[in-house]
There are 2 protein chains.
Amino acid sequence: MLKKITTVPLPTIRRLPTYLRVLEEMRKWGKEYVSATDIADYLGLTPIQVRKDLAVTPIQGKPKIGFEINELHRAIRSFLGWDKTTEAFLVGAGSLGSALLGYNGFDEYGLNIAAAFDANPRLEGMEIHGKTVFSLDKLPDLVNRMGIRIAVLTVPRDAAQECADQLVAAGIKGIWNFASPHITVPAGVVVQNENIAQGLAVLSVKLAEKLEVP
Amino acid sequence: MLKKITTVPLPTIRRLPTYLRVLEEMRKWGKEYVSATDIADYLGLTPIQVRKDLAVTPIQGKPKIGFEINELHRAIRSFLGWDKTTEAFLVGAGSLGSALLGYNGFDEYGLNIAAAFDANPRLEGMEIHGKTVFSLDKLPDLVNRMGIRIAVLTVPRDAAQECADQLVAAGIKGIWNFASPHITVPAGVVVQNENIAQGLAVLSVKLAEKLEVP
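Remember, it's a predicted structure, so these values are computed and weren't measured experimentally.

Enquirer: What is the right way to look at the packing of helix H2 (residues 36-43) of chain A against helix H3 (residues 47-54) of chain A in this model?
Expert: For any two helices packed against each other, the geometry comes down to the angle between their axes and how far apart the axes lie. Residues and elements named next belong to chain A. Look at H2 against H3: their axes get within 8 Å of each other, and the N-to-C directions meet at 115°. In this view, H2 runs roughly perpendicular relative to H3, as classed from their interaxial angle. The crossing of H2 and H3 is right-handed. Here Ala36, Thr37, Ile39 and Ala40 of H2 come into contact with H3, specifically with Pro47, Val50, Arg51 and Leu54. Considered class by class, the residues forming the contact of H2 with H3 number six nonpolar, one polar and one charged.

Pasting the structure below:
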């Protein structure tokens, strides 16, 4: 893990998972090496940008050959901390929460949702996509016993701040927030706000433009 | 709908859904008006940025009072085309596809997933979260008959390009691509690439930084 992480720009970090997917794809095609230019062409980025992004890893490309795909893949995963599995709790087993519990792509990113929590007592003890739902008041004890640091927050918007407060009090250090446009947490806690509608907004506007200008 | 949409920067478009959520929240608190400064403070943006973003709508804030919340909310939805419902098809009813079918938050964004399609004949005729799964070869006919323009692509990565080709041939104009880091489409078709791991990457890196520097 790099020491001066703050120097890495957010857009670079956001592109790293995409590089992982591209490398996996190229590996499937039987390639062993890939150049920054190839990756750039494939993704519609500039080679300079790709080279800059990949410099978060210590991997050096070989002149005229490029990067060794497996090595670069490992290095990016290691930079992201995805080479070891992190256990997380999901809070809010409603529509979106259940959807995320059913999504088995997270292990690829080193994230394992160990259990779910909900305020609704009728959900207690149920299994959703193989994950047990616990009552919310079991959370502090289980966070503590299992040493959980990350929570995925998928409660209804009105419950978001209260739940976030409970998570922080229980010892959670990172909140992946799908619940609300904004939650307030103390300085030692990281919040990543997620809004699936952002991509849809871009698609809607671009599509309207295409359909208007034939 | 604005004519010169290309002049609106992508980060602005990506923030619009967040403004919608903030306005809804403020409306619930009983507020009728909100200033750009209030929104900026709430989201950790600058007032200048918020004012610039909101200028995509024709709504003028009143001096010292700000924007009428309902009016601004309607105007942003109208800019995004979310004031009318758009029907879409989902292609690929696996883990992620089923998850998205179970997410009932899309109607808020004017998107209704009318049906799902899958290449697996064993899924044909099944209902997933109330949506019927059709065989992939029914797609062209149904796209045509229902006038569908948008597809949500959630097939396995290896099937992404072939499916995208089929969608384009059937008349789909916008693809919300969760399937692969990259698909190639003709000029008249819009692709929005989605990768849920991007937010997780940012959270992972920020959290590692916090935990390293106590």
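Enquirer: Help me understand the relation of the copies chain A and chain B in this model?
Expert: Between the two copies of the chain lies a rotation about an axis combined with a shift along it. Its rotation angle being 180°, the transformation that places chain A on chain B also includes 0.0 Å of axial translation and leaves an RMSD of 0.0 Å. Such a combination of rotation and displacement between the chain copies is what one expects of a two-fold axis. Considering only C-alpha atoms, the part of chain A nearest the rotation axis is Ala99(A), at 2.0 Å. Interface overlap between copies is the fraction of interface residues in one copy that are interface residues in the other; for chain A against chain B it reaches 100%, indicating a shared surface.

Enquirer: Just checking my understanding: could you explain the sheet that holds strand S3 (residues 86-91) of chain B for this structure?
Expert: Across a sheet, strands are paired by hydrogen bonds formed along the backbone, either parallel or antiparallel in direction. Residue and element names in this part refer to chain B. Strand order in the open sheet formed by seven strands is S5-S6-S4-S3-S7-S8-S9, with mixed pairing between adjacent strands. The sheet terminates laterally at strand S5 (127-128) and strand S9 (190-193), the two strands that pair on one side only. Bridging between strand S7 (residues 150-153) and strand S8 (residues 174-177) involves four bridges; their strand directions are parallel. For valine 152, the partnering residue across the bridge sits in S8 and is tryptophan 176.

Enquirer: Explain the packing of aromatic side chains here, please?
Expert: For any pair of aromatic rings, the description rests on two quantities: the centre-to-centre distance and the angle between the ring planes. What the rule picks out here adds up to 12 aromatic pairs over all chains. A network of ring pairs unites the aromatic residues Phe89(A), Phe117(A) and Phe134(A) as a single cluster.

Enquirer: Help me out: how do you make sense of the nonpolar core in this one?
Expert: Side chains of a nonpolar character, in soluble globular proteins, are inclined to be buried together. By size, the foremost hydrophobic cluster in this structure holds 105 residues, and its most contacted members are Ile76(A), Leu80(A), Ile76(B) and Leu80(B). If near-sequence neighbours (up to four positions away) are discounted, Ile76(B) is found in contact with Leu16(B), Tyr19(B), Leu20(B), Leu23(B), Leu54(B) and Thr57(B). Grouped together as the second largest cluster of nonpolar side chains are 24 residues, Phe89(A), Val143(A), Cys163(A) and Ala170(A) included.

Enquirer: Looking at this model, I keep getting lost on the pairing of S8(B). Mind explaining?
Expert: Side-chain positions along a regular strand alternate between the two faces of the sheet. With burial as the criterion, each face of S8(B) is covered, one bearing Gly174(B) and Trp176(B) and the other bearing Ile175(B) and Asn177(B). After leaving S7(B), the chain enters helix H7 (residues 160-170) of chain B and then returns to the sheet as S8(B), a path that is right-handed.

Enquirer: Explanation requested: the side chain of Arg21(B) in the structure shown.
Expert: Relative to the helices and strands, Arg21(B) is located in helix H1 (residues 10-28). Classification of Arg21(B) as buried rests on a relative accessible area of 7%. Polar side-chain contacts of Arg21(B) include one of 3.4 Å to the backbone oxygen of Phe178(A). Aside from chain neighbours lying at most four places away, what touches Arg21(B) is Arg157(A), Phe178(A), Ala179(A), Ser180(A), Pro181(A), Glu194(A) and Asn195(A).

Cut-off values and rules
Residues numbered from 1 in each chain as written. Chains lettered and ligands numbered in written order. Predicted model: local features only at pLDDT ≥ 70, side-chain atom pairs only at ≥ 80, totals over all residues. Heavy atoms only, no water. Axes fitted to C-alpha atoms, helices over the stretch in contact; angles between N-to-C directions. Helix = DSSP H or I, 4+ residues; strand = E, 2+ residues; numbered from the N terminus. Parallel < 35°, antiparallel > 145°, perpendicular 65-115°, else oblique. Left-handed = near helix turned anticlockwise from the far one by under 90°. Contact = heavy atoms within 4.5 Å. Nonpolar A, V, L, I, M, F, W, Y, C, P; charged D, E, K, R; others polar. Least-squares fit on C-alpha atoms with pLDDT ≥ 70 in both. Pairing = 2+ DSSP bridges. Phe/Tyr/Trp six-rings, centres within 6.5 Å; stacked < 30°, edge-to-face > 60°. Core = buried A, V, L, I, M, F, W, Y, C linked by side-chain atoms within 4.5 Å. Buried < 20%, exposed > 50% of the residue type's maximum accessible area, 1.4 Å probe, protein only. Right-handed = clockwise from strand over helix to strand, strands pointing away. Polar contact = N/O pair within 3.5 Å; in protein donor to acceptor, adjacent residues only side chain to side chain.

Just distances and angles here, no functional claims.
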